[in-house]
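# Architecture at a glance
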Amino acid sequence: MKRINKILCVVEPNTNSEAALLQAVKVANDHQADITVASLLKNTGALRTFYHDKNKIEKNLKESTENKRLTIENWVKKFQPSLNFKVDIYAGIGFIEIVRSVIQNQYDLLVKCADDVDWLGRLFGSDDMHLLRKCPCPVLMLKPGQKEVFRNVLAAIDVNDDFNDQDENRVQDQLNKKVLEYSSAFSVSELTDLHIGSAWEAFGEDFLRYGAFSQMPTEKVDHYAERIRQGCSDKLTFIVKEMNNLVGKDTVDYLCPKVHLVKGLPAKEIPLIAEKYNIDLIVMGTVARNGIPGFIIGNTAESILEQVQCSVLAIKPDGFQSPILGS
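We now turn to the structure provided with this report. Note on numbering: residues in each chain are counted from 1, in written sequence order. Two thresholds apply to this predicted model, a pLDDT of at least 70 for residue-level local features and 80 or more for giving and counting side-chain atom pairs, whereas whole-chain, interface and lining totals are computed over all residues. Based on all heavy atoms of the structure, the side-chain values leave hydrogens and waters out of the count.

### Points about the overall build of the protein
We count a stretch as a helix when DSSP gives it H or I for four or more residues in a row; a strand needs E for two or more, and each element gets its number in order from the N terminus. Each helix and strand in the protein was counted, giving 11 helices and 10 strands. For the protein, buried positions account for 50% of its 327 residues. When contacts within the protein are restricted to residue pairs at least 6 apart in sequence, long-range pairs at least 24 apart make up 79% of them. Remark: exposure states derive from per-residue accessible area (1.4 Å probe, protein chains only) relative to the maximum for the residue type, with buried under 20%, exposed over 50%, and partly exposed in between. Whether two residues are in contact is decided by their heavy atoms: any pair within 4.5 Å suffices.

Shown next, in the form of structure tokens:
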């Protein structure tokens, strides 16, 4: 796993953001990382309604920025009096300014609490989804109130071979390894249970079994499905064994991960695994091809994100290019 040296923690001075600050500090202590605490100036476009003079607009914006900076500094010191941190204040479209800052300053981790969107019945709002899609560094998007250590961590692994074997980059294999590395890092704490979950499916099985024009005997369909299941099981077993090389055998023995392979669509089964085992952090890859900025293949990742009600650590593959420019 790439060492976490620089953390960007996005907050608003309220109780929801306290969870983001506490989790960012915990990660920073574990990795001896630097923290920048950032916040947004909202409704800055309204300044042009009140002021038509450019100098007055710039003066008011500067004053608002300094006032917000002071508010953030006092708020952070209230919870973390001895914390050494920097403060950045962004003006503009929130998720765009955050991603630009991540690119310009080469942050290794973005930490933020999810927006309150209970009225939609989902945890992550529109700006949150933009960050999860487009931020190049790992994004720890927290359920408000998640102030303690994570007790149940789920590493969501994809063992379905949906990628072209000629793909030299092997995007999914890279992501699986990164998911396991980050999952282990966030699980090495007292009383944390690490779960490794994956879903498998035999493409076209229902058509072969129940299709009006299917002539395949049941035994052959069973054999086909079992062959797919066994292949996915073998791949998952191999990935789990490879954790010894990724994070060290002592760490794996300590974590003693619980492995779950279920039949069905990942978009459906991963949220069910999370619910069944009271998962409070899902570590998952948002799959993107090089050269297709921000594209999530099959929308599986988005479907999962729209269903879960726990914190998420979303990871991009190596070579991901954000559609948002850094300057």
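That was the structure; now back to the text.
### With respect to unusual backbone geometry
Unusually for a residue other than glycine, Gln106 sits at a positive phi of about 55 degrees. On the secondary structure map, Gln106 appears in the loop between helix 4 (94-105) and strand 4 (109-113). For Gln106, a relative accessible area of 61% puts it in the exposed group. For Asn278, which is not glycine, the phi torsion reads 55 degrees and is therefore positive.

### Some thoughts on the packing of helix 10 (residues 266-276) against helix 11 (residues 300-307)
Direction vectors running N to C along helix 10 and helix 11 enclose 35 degrees, while the axes themselves pass 8 Å from each other. Helix 11 is crossed by helix 10, and the crossing has right-handed handedness. Taken together, the residues of helix 11 that come into contact with helix 10 (itself represented by Pro266, Ala267, Ile270 and Pro271) are Thr300, Ser303, Ile304 and Gln307. Structural elements are reduced to axes, namely lines fitted to C-alpha atoms, with helices fitted over the stretch in contact, and the angle between N-to-C directions of any two is expressed from 0 to 180 degrees. In this scheme, a crossing is called left-handed if the near helix is turned counterclockwise away from the far one by less than a right angle; it is called right-handed if the turn is clockwise.

### Digging into helix 6 (residues 171-187)
What a helix should span is 1.5 Å times the count of its residues minus one. Across its 17 residues, helix 6 extends 24 Å between first and last C-alpha, which sits within 8% of the 24 Å expected from 1.5 Å per residue. Taking burial as the measure, the 17 residues of helix 6 include 13 buried ones, the bulk of the element.

### Some remarks on the nonpolar core
Counting 56 residues, the largest nonpolar core has Ile7, Leu140 and Leu313 as its most contacted members. Counting residues per element, this core draws most heavily on helix 8 (residues 218-247), at 8 residues. If you look at the next biggest cluster of nonpolar residues, it comprises 38 residues, including Ile96, Leu123, Phe124 and Ile324. Only buried Ala, Val, Leu, Ile, Met, Phe, Trp, Tyr and Cys residues count toward a nonpolar core, and they belong to the same one when joined by side-chain atoms within 4.5 Å.

### Some details on the pattern of salt bridges
Throughout this description, the term salt bridge denotes a Lys or Arg side-chain nitrogen within 4 Å of a carboxyl oxygen of Asp or Glu. What the rule picks out here adds up to 17 salt bridges. In this structure, Glu18 and Lys147 form a salt bridge, with 3.2 Å as the shortest nitrogen-oxygen distance. With Glu18 in helix 1 (residues 15-31) and Lys147 in the loop between strand 5 (139-142) and strand 6 (152-156), the pair connects residues that are 129 residues apart, well separated along the chain. Accessibility expressed as a relative area gives 14% for Glu18, which makes it buried. For Lys147, a relative accessible area of 37% gives the class partly exposed. Among the ionic pairs, Lys263 bridges to Glu205, the shortest N-O distance being 2.9 Å. You can see Lys263 sitting in strand 8 (residues 258-263) and its partner Glu205 sitting in helix 7 (residues 205-210), a full 58 residues away along the chain.

### Digging into the pairing of strand 1 (residues 6-10)
Most of strand 1 sits inside the fold, with 4 of its 5 residues counted as buried. Here strand 1 runs beside strand 2 (residues 34-41); their pairing, made up of 5 bridges, is parallel. Counted as the bridge partner of Lys6 is Asp34 from strand 2. Seen with its strands pointing away from the viewer, a crossover is right-handed if its path from the first strand over the helix to the second goes clockwise. Read from strand 1 through helix 1 to strand 2, the crossover connection turns out right-handed. Paired strands are those between which DSSP finds at least two bridges.

### Section: the sheet that holds strand 2
Strand order in the open sheet made by the 10 strands is 3-2-1-4-5-10-9-6-7-8, with mixed pairing throughout. Among the strands making up the open sheet, the edge pair consists of strand 3 (85-91) and strand 8. Each strand of the sheet is rotated relative to its neighbour by a mean of 20 degrees, with strand direction disregarded. Looking at chain direction, strand 9 (residues 281-285) and strand 10 (residues 311-315) are connected through 5 bridges and run parallel. In the strand pairing of strand 10, Leu281 is matched with Ser311. Against the sheet, helix 1 touches strand 1, strand 2, strand 4 and strand 5, its axis set at about 155 degrees to strand 4.

Keep in mind these numbers describe shape, not what the thing actually does.
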